[in-house]
Amino acid sequence: MAVRYQITGGSSAAISASVETGIRTGALAADSALPAVRALAAELAVSPATVAKAYQELRRRGLVVTAGRHGTRVRPRPPVATRRAALRPAPAPGARDLSQGQPDPRLLPPLGPHLAALAAEIGPPVGYASSAVLPELAEAARVRLTADGVPADEITVAGGALDGIERLLAAHLRPGDAVAVEDPGWANLLDLVAAAGLRPIGVPVDSDGPTVAGVRDALALGARALVVTSRAQNPTGAAVGADRAAALRDLLAGRPDLLLIEDDHAAELAHVPLHPLAGATPAWAFVRSVSKPFGPDLRLAVLTGDEATVSRVAGRARVGAGWVSTVLQRLVLSLWRDPATAELVRRAGQEYERRRSALLAALTARGLTAHGRTGINVWLPVPDETVAVTALRDAGWSVAPGALFRIGAEPAVRITVSTLDDAEVDPLADAVAAALRPTGPDGFTA
Ligand SMILES: Cc1ncc(COP(=O)(O)O)c(C=O)c1O
């Protein structure tokens, strides 16, 4: 039998530190329940108010979540440096891992030739004085964004989409403020919102993006920011359609109190047109990462928005991290300018399209409904995530439990198709169908 982690401490600070240690060392796994306030207070001979304060502090920092009668639990991915692998069910030895949400490394453009060309032309080292957003990069980004209908007068650069979103939220919101996020939505964003002490309000998503009713409800509940994924929504594959964009723009028009953030992480990989919301509110930002088309290790995203918002983000960065290395900016520019790279990215987008459509068709042929209009993931509603994830793992397939991505949305699993080979499609769909087959009352399949 598993030994329960012993929380210790005689003050709220010591109790919360003890819980944090348990999480950091892995003794308190993701989703494990913490003792009820009164029970722990009695055990530690402190007042319930002391334990309640410790739990409140842990909640504020996004380490735990309290959900009514389910009590207080460790968040699926708390913002302390646990080993990420420990937070997901371990893939069975030899299982095919489709749980990671990564682009296929074989479809990323090679960086070597661009680094070599850069090495030949880099010139003298850049110091503090001449560091900034490279004007050539800003101009190239402006051209690309404007071509997609995004006004891009103001441009800055962040260390990836999530870094940009974090800086935007910090520039406009305070701990305790509410943020409307897609539900289901990107797990990293949900963790970031929790870590920043913000309150997530889940907005339902259909294949056209966040629903109008969901956004209206979130506004009524006091959301101070709204984060929308333009295309290849993670995990459902939704893409904001033309009609949805028009309806959302109408709804958001004249909301001076709302920060609107768009995350176009699919960028050049997307096979559907962009329908931006940019500019619908006075405070807005549009973030486009290079991670998915060009490689997650590049850690760069361009960020545009209204003048005040971009100036806050750029100004705050200047007194902190400073800037995104101009070496990295030059590398991205070199990738953007290279027609051969553009062709590789175009083909990668086509390939993801093909892999995703093949799995969706195979699931449909087996009478199963799954979602995935764009991107590299398929979202498959299931009656019970643990049963589905375990059955698939036993059959040799590792997929991500929907709990990583959900607030109140229905149970599901996420299957990343980015690396799926043609020959794997039917065996995977068969395994999914078997995993979801209803079992008889004695637990055995009829
Ligand atoms: C919705 C979403 N946005 C952005 C990203 C990329 O983020 P970053 O630029 O921080 O690598 C991802 C990657 O999975 C994502 O799923």
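Residues numbered from 1 in each chain as written. Predicted model: local features only at pLDDT ≥ 70, side-chain atom pairs only at ≥ 80, totals over all residues. Heavy atoms only, no water.

(A) Main features of the overall build of the protein. Scanning the protein from N- to C-terminus turns up 15 helices and 15 strands. Overall size of the protein, expressed as C-alpha extent along the three principal axes, is 65 × 55 × 45 Å. Sorting the 446 residues of the protein into buried and exposed places 50% on the buried side. When contacts within the protein are restricted to residue pairs at least 6 apart in sequence, those whose partners lie at least 24 apart make up 71%. Roughly 20000 Å² of accessible area belongs to the protein as shown, and the carbon and sulfur atoms make up 56% of that amount. (Helix = DSSP H or I, 4+ residues; strand = E, 2+ residues; numbered from the N terminus. Buried < 20%, exposed > 50% of the residue type's maximum accessible area, 1.4 Å probe, protein only. Contact = heavy atoms within 4.5 Å. Areas by Shrake-Rupley, 256 points an atom, 1.4 Å probe, with all protein chains shown as cover.)

(B) Layout of the sheet that holds strand 15 (residues 412-416). The 3 strands are arranged 12-15-14 in an open sheet whose pairing can be described as antiparallel. Two strands in the sheet have a free side with no partner beyond their single neighbour: strand 12 (377-381) and strand 14 (400-401). Two strands pair when backbone bridges link them, and strand 12 and strand 15 are joined in this way by 5 bridges, in the antiparallel orientation. When the sheet's bridge partners are listed, Leu 380 is paired in strand 15 with Val 413. (Pairing = 2+ DSSP bridges.)

(C) Here's a closer look at the site of the ligand. Close contacts around the ligand come from Gly 160, Ala 161, Leu 162, Trp 186, Asn 234, Asp 263, His 265, Ser 289, Ser 291, Lys 292 and Arg 299, and that covers them all. The separation between an oxygen atom of the ligand and a polar main-chain atom of Leu 162 is 3.2 Å. A distance of 2.7 Å is found between an oxygen atom of the ligand and a side-chain nitrogen or oxygen belonging to Ser 291. Coverage of the ligand by the protein amounts to 92% of the 390 Å² it exposes when considered alone. For the shell around the ligand, the secondary structure elements donating two or more residues are helix 6 (161-172) and helix 10 (291-294). Split by residue class, the shell around the ligand holds 3 nonpolar, 5 polar and 3 charged. (Near = heavy atom within 4 Å. Polar contact = N/O pair within 3.5 Å; in protein donor to acceptor, adjacent residues only side chain to side chain. Nonpolar A, V, L, I, M, F, W, Y, C, P; charged D, E, K, R; others polar.)

(D) A look at the packing of aromatic side chains. Applying the stated criterion across every chain, the model contains 2 aromatic pairs. Look at Tyr 128 and Trp 323: their rings are 5.9 Å apart centre to centre, the planes differ by 85°, and that puts the pair in the edge-to-face class. In this pair, Tyr 128 sits in the loop between helix 4 (112-121) and helix 5 (135-147) while Trp 323 sits in the loop between helix 11 (307-318) and helix 12 (326-337), placing the two residues 195 residues apart along the sequence. For Tyr 128, a relative accessible area of 74% translates into the label exposed. Relative accessible area serves as the criterion here: at 33%, Trp 323 is assigned to the partly exposed category. Measuring from ring centre to ring centre gives 6.0 Å for Trp 379 and Phe 405, while their planes differ by 90°; the resulting arrangement is edge-to-face. (Phe/Tyr/Trp six-rings, centres within 6.5 Å; stacked < 30°, edge-to-face > 60°.)

(E) Here's a closer look at the packing of helix 1 (residues 12-25) against helix 3 (residues 48-60). Relative orientation of the contacting elements helix 1 and helix 3 amounts to 50°, with a least axis distance of 8 Å. When the axes of helix 1 and helix 3 are compared, the pair comes out oblique. The way helix 1 lies across helix 3 gives a crossing that is right-handed. Here Ser 12, Ile 15, Ser 16 and Val 19 of helix 1 come into contact with helix 3, specifically with Thr 50, Val 51, Lys 53, Ala 54, Glu 57 and Leu 58. (Axes fitted to C-alpha atoms, helices over the stretch in contact; angles between N-to-C directions. Parallel < 35°, antiparallel > 145°, perpendicular 65-115°, else oblique. Left-handed = near helix turned anticlockwise from the far one by under 90°.)

(F) Region of interest: the environment of Leu 359. Of note, Leu 359 is situated in helix 13 (residues 339-365). According to the relative accessible area criterion, Leu 359 is buried, its value standing at 0%. For the pair Leu 359 and Val 425, spaced 66 residues apart in sequence, the C-alpha separation works out to 5.7 Å. Not counting residues up to four positions away in its chain, the partners in contact with Leu 359 are Val 378, Ile 415, Val 417, Leu 420, Val 425 and Leu 428.

(G) Region of the structure containing the pairing of strand 6 (residues 199-206). As paired elements, strand 5 (residues 178-183) and strand 6 share 6 bridges and run parallel to each other. Across the sheet, Glu 182 pairs through a bridge with Val 203, a residue of strand 6. In terms of handedness, the path from strand 5 via helix 7 (residues 187-195) over to strand 6 forms a crossover that is right-handed. Looking at chain direction, strand 6 and strand 7 (residues 209-210) are connected through 2 bridges and run antiparallel. Residue pairing across strands places Val 205 opposite Pro 210, the latter belonging to strand 7. (Right-handed = clockwise from strand over helix to strand, strands pointing away.)

(H) Quick look at the pattern of salt bridges. Taken as a whole, this structure holds 25 salt bridges when the rule is applied. Where Glu 424 meets Arg 96, a salt bridge forms, and the shortest distance between an N and an O atom there is 2.6 Å. Of this pair, Glu 424 sits in helix 15 (residues 422-436) while Arg 96 sits in strand 3 (residues 96-97), and the two are 328 residues apart along the sequence. Judged by its relative accessible area of 15%, Glu 424 falls in the buried class. One network of salt bridges, in which partners are shared, links Asp 104, Arg 106, Glu 351, Arg 354, Arg 355 and Asp 422. (Salt bridge = Lys/Arg side-chain N within 4 Å of Asp/Glu carboxyl O.)

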